[in-house]
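Summary of the model geometry
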Amino acid sequence: MKKLFRIGLLLLLATPTFSQNPYTAKAKALMAKMTLEEKIGQLNLIIPGGAAVTGSVVSSDVENKIKKGQVGGLFGITSPEKVRKAQDLAVKGSRLGIPMIFGLDVIHGHKTIFPIPLGLSASWDMGLIEQSATIAAKEATADGLNWAFSPMVDIARDARWGRISEGSGEDPYLGGQIAKAMVRGYQGTDLSKNNTLMACVKHFALYGAAEAGREYNTVDMSRMQMYEYYLPPYKAAVDAGAGSIMSSFNVIDGIPATGNKWLLTDLLRKEWGFTGFVVSDYTSLNEMTNHGLGDLQTVSALALKAGLDMDMVGEGLLTTLNKSLKEGKVTLADIDKACLRILEAKYKLGLFDDPYRYIDEARPAKDILTAENRSAARKMAAHSMVLLKNDNQLLPLKKSGTIALVGPLADNRRNMLGTWVVAGDWKQSVSVLEGIKNVAGNSVNIITAKGSNITDDTALFLKRVNALGVEAEIDARSPQQMIDEAVAAANKADVVVAVVGESSNMSGESSSRADISLPASQQALLKALHKTGKPLVVVLINGRPLTLVWENEHATAMLEAWAPGTEAGNAVADVLFGNYNPSGKLSATFPRSVGQIPIYYNHKNTGRPFDGTGFAKFKSNYLDESNDPLYPFGYGLSYTKFDYSPVKLSKTTLQGEEKLTATVTLTNSGKYAGEEVVQLYITDPVASISRSVKDLKGFQKVALQPGESKEVSFVITTEELRFFNSELKKIWEPGTFIIHLGTSSANVKSAEVIWNK
Ligand code: NOJ
């Protein structure tokens with residue numbers, strides 16, 4: 001008896017990939033009634049024609065497949081009417097009436113669009129970020145959906161990669177906090193509620209480390225680098241209870257993520273305890289063939305066995321598993337395992353209680369693009385903006401005098417939303433010109449001029465950037481004529497506000513750039529404006545860190561506004577006129593030049609470190625560039641001034657699991673009320689492996705009135721000292737640690753502590 005019990009226990013432990021949750025029994029009971037074809041059908045996710053297509057394949061014969069039980073979920077369609085029609089086909093038209101799930105790329109809002117994720121992350125405000133996901137969930141569910149392909153938590157250290165715009169930048173700690181906030185926002189506390197969505201964490205994993213920043217490129221990285229820097233945000237999202245995960249396009253250790261057993265089973269399920277389901281990215285299963293892993297049948301069997309549960313668009317699982325089963329290349333247990341996970345997700349979403357619970361034709365009018373949602377988007381956008389420069393306290397602008405508002409993105413609604421806005425409508429967005437009129441009213445005189453095209457490079461624009469629809473056109477006027485008009489406007493004004501940057505899809509998927517400066521047409525405009533001698537405010541609308549050396553030297557003030565979303569113009573104006581004092585901090589380093597990439601604050605020391613004083617022979621530096629970035633991680637100014645006292649430590653010697661409190665007194669010594677993100681970094685100068693120069697371990701956003709001071713404290717435990725050693729064990733080692741508190745990764749106050757075991 002005892003022996004039997006032990007064998008049973010062993011079996012249970014040996015099959016941890018079979019999750020046990022309240023829905024398992026129900027799903028298994030349903031599976032007992034399903035044919036093999038119906039089980040395989042649940043693993044199939046398709047996109048009907050006409051939806052947002054991100055590859056060369058589109059699903060065909062959709063209706064028939066649904067009726068035959070060959071579809072587990074649909075994505076790319078919105079509106080309760082359309083979703084109802086499709087759900088009817090499954091519920092009323094298929095043998096067992098199993099409901100489908102409905103997904104979409106709800107990335108930074110659904111129809112009320114929030115700033116691009118890189119912008120959201122620059123707010124360092126977890127409450128607002130969570131709220132943005134809650135609102136997105138409310139709007140998307142009102143449109144019949146129950147599954148969001150978000151959050152995207154890929155760490156990126158390379159601004160050439162267009163999808164840096166879709167993530168939270170370069171830091172694993174900040175990225176992890178945001179991943180959790182997003183999952184909480186989408187899923188709430190009850191996934192079966194009709195205003196919450198299942199999150200899909202993507203792209204698992206390491207997609208942001210594509211070599212040379214080129215889209216879909218190879219990734220090759222040590223396990224230590226993965227565990228310490230790239231994996232934590234995915235893990236944080238899993239710990240927060242994300243219901244699903246999307247595999248990435250890239251290889252990991254030479255094996256595509258979609259068919260990587262170490263990744264999808266050993267790490268994700270066995271080590272992290274993930275119990276949801278894994279969906280491939282768009283045809284990433286089929287693309288394993290191009291990666292050199294074999295034909296469709298081979299890669300489909302490989303992916304299923306590796307831990308993939310659902311196949312997006314490619315239909316490799318649908319078309320080959322039957323054959324593979326007969327040939328012994330997969331087992332029924334492999335298919336059952338994946339099917340069970342999909343069904344469990346549907347139970348969690350409450351779809352078996354009511355397949356129509358997310359479908360209510362009355363909801364869009366009540367829940368989408370409401371004044372309340374727009375006002376949250378406006379607040380979020382203002383909080384995401386980063387003040388990069390503000391000479392002579394030019395900002396905030398006075399609500400008087402004459403402003404020359406110029407630049408190709410000034411009187412432009414089309415490019416305010418940024419990349420990945422499947423359901424968003426740019427016509428609903430507020431341009432900067434409209435925002436300035438709304439906020440400053442008639443008290444300022446505004447003269448406008450376009451000044452330049454976003455780019456004059458017709459090859460880039462017409463053929464590439466406009467691939468998803470016309471974002472920018474080449475003006476009928478000549479470049480010189482446009483510049484002359486802008487200069488004439490500037491000459492009549494007290495201050496020039498130039499709104500420049502990228503069109504929405506100059507960043508995002510398949511938008512890698514080898515040159516990340518402003519396009520030449522806009523540089524020429526800024527140079528001409530600078531020559532007028534008028535104070536020049538540069539407002540940047542863009543989706544990635546740019547190289548802005550000339551702009552930083554010559555503009556009087558610069559505001560990084562990202563792609564701010566539906567309420568773009570209102571939020572830009574709120575910040576320009578001081579209705580909101582900017583508090584954003586960069587979540588990704590801005591390089592001085594492309595040659596410095598990858599550039600990130602938490603790098604390791606070399607054996608011959610650069611000492612910051614200029615070129616030195618036989619040191620780690622460049623002949624033709626400094627090592628320093630233009631703007632470091634964590635950087636961002638305010639209209640007011642924050643002073644940091646020296647760091648006070650509760651103790652300078654600690655033992656074992658004692659706790660340390662590090663405190664700084666923060667004083668607002670300027671004229672404006674404002675918020676500051678106080679950042680905690682820790683350095684471990686001597687360890688058994690080479691550690692990075694510092695790592696972010698905490699932050700607090702603090703609001704202070706002019707003249708006000710506050711003590712800001714962080715409690716540090718041995719958890720913050722831990723790192724992954726060469727055996728991939730998360731340990732801490734006794735010795736000296738340097739505790740830094742400051743306003744950016746490059747501007748901190750520091751104190752040392754000895755921590756013994
Ligand atoms: C491809 C993208 O990589 C992914 O992020 C997206 O969710 C899918 N397409 C579906 O649109």
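Because the structure is predicted, anything quoted here is derived from the model rather than measured. Residue positions within a chain follow its written sequence, with the count starting from 1. Where totals are concerned, whole chains, interfaces and linings use all residues; where local detail is concerned, this predicted model gives features only for residues with pLDDT of at least 70, and gives and counts side-chain atom pairs only at 80 or more. To get the side-chain values, all heavy atoms of the structure are used, and hydrogens and water are removed first.

Chain-level pLDDT for the protein chain is 95 on average; 96% of the residues reach the 70-or-more range. Below a pLDDT of 50 lies the segment residues 1-18, which in the model reaches 8 contacts outside its immediate sequence neighbourhood of four places, other chains included. What pLDDT reports is the predictor's confidence in each residue, on a scale of 0 through 100. Should any heavy atoms of two residues lie within 4.5 Å, those residues are considered in contact.

Time to look at the nonpolar core. Nonpolar side chains tend toward joint burial in soluble globular proteins. Take the buried Ala, Val, Leu, Ile, Met, Phe, Trp, Tyr and Cys residues and link them wherever side-chain atoms come within 4.5 Å; each set so joined is a nonpolar core. Categorising residues by exposure relies on relative accessible area from a 1.4 Å probe, with only protein chains included: less than 20% of the type maximum marks a residue as buried, more than 50% marks it as exposed, and the intermediate range marks it as partly exposed. Leu74, Trp147, Phe204, Leu231 and Leu529 are the most contacted members of the largest nonpolar core, which totals 170 residues. Those residues in contact with Phe204 that sit more than four places away from it in its chain are Leu231, Tyr234, Ile245, Met246, Ser247, Ser248, Ala257, Leu263, Leu264, Leu267, Leu268 and Trp272. Judged by nonpolar contacts, the second largest core, of 41 residues, contains Leu395, Ala410, Val432 and Ala561.

Here we take up helix H11 (residues 261-271). Here a strand is any run of E in DSSP of at least two residues, a helix any run of H or I of at least four, and the numbering for each starts at the N terminus. The complete set of buried residues in H11 reads Trp262, Leu263, Leu264, Thr265, Leu267, Leu268 and Arg269. In protein, a polar contact requires one atom able to donate a hydrogen and another able to accept it; more generally it is a pair of N or O atoms within 3.5 Å, and residues adjacent in sequence count only if both atoms are side-chain atoms. Of the residues flanking the start of H11, the one acting as N-cap is Asn260, its side-chain oxygen 3.2 Å from the backbone nitrogen of Trp262. Within two residues after H11, Gly273 carries a phi angle of roughly 75 degrees, on the positive side.

Here we take up the state of the cysteines. Disulfides are defined in this document as cysteine sulfur pairs within 2.5 Å. Counted according to the given criterion, the structure contains 0 disulfides. For the unlinked cysteine Cys200, the closest cysteine sulfur is that of Cys339, found at 18 Å. Looking at Cys200, the relative accessible area reads 0%, which means it is buried. Taking the relative accessible area as the measure of exposure, Cys339 reaches 0% and is therefore buried.

Either an automatic procedure or a domain database provided the assignment from which the domain bounds are taken. Domains assigned within the protein chain are domain 1 (19-363), domain 2 (377-588) and domain 3 (642-756). The distance between the C-alpha centroids of domain 2 and domain 3 comes to 36 Å. Between domain 2 and domain 3, the contact holds 7 residues from the first and 10 residues from the second. By buried area we mean the combined loss of accessible area, with a 1.4 Å probe, across both parts when two parts are placed together. In this assembly, domain 2 packs against domain 3 so that about 640 Å² is buried in total across both faces, 42% of it on carbon and sulfur atoms. Considering only the side of domain 2, the residues that lose the most area to domain 3 are Asn581, Ser583 and Lys585, jointly responsible for 66% of the buried surface there. Just to be clear on terms, a salt bridge is a Lys or Arg side-chain nitrogen sitting within 4 Å of an Asp or Glu carboxyl oxygen. If you look at where domain 2 meets domain 3, you find 1 salt bridge. The shortest N-O distance in the salt bridge between Lys585 and Glu676 comes to 3.1 Å. Where domain 2 meets domain 3, there are 5 residue pairs in polar contact (both at pLDDT 80 or more). All residues other than Ala, Val, Leu, Ile, Met, Phe, Trp, Tyr, Cys, Pro, Asp, Glu, Lys and Arg, Gly among them, are scored as polar; the first ten of these are nonpolar and the last four charged. The class makeup of the residues in the side of domain 2 that touches domain 3 is 2 nonpolar, 4 polar and 1 charged.

The omega torsion across Ser150 and Pro151 is 10 degrees, close enough to zero to call that bond cis. Checked against the element boundaries, Pro151 lands in the loop between strand E4 (147-148) and helix H8 (172-187). Look at the link from Lys202 to His203: it is a cis peptide, with omega at -5 degrees. Of note, His203 is situated in strand E5 (residues 198-204). Unlike most non-glycine residues, Ala212 shows phi in positive territory, near 60 degrees. In this fold, Ala212 is placed in the loop between E5 and helix H9 (223-230). Residue Phe618 is not a glycine yet carries a positive backbone phi of 65 degrees.

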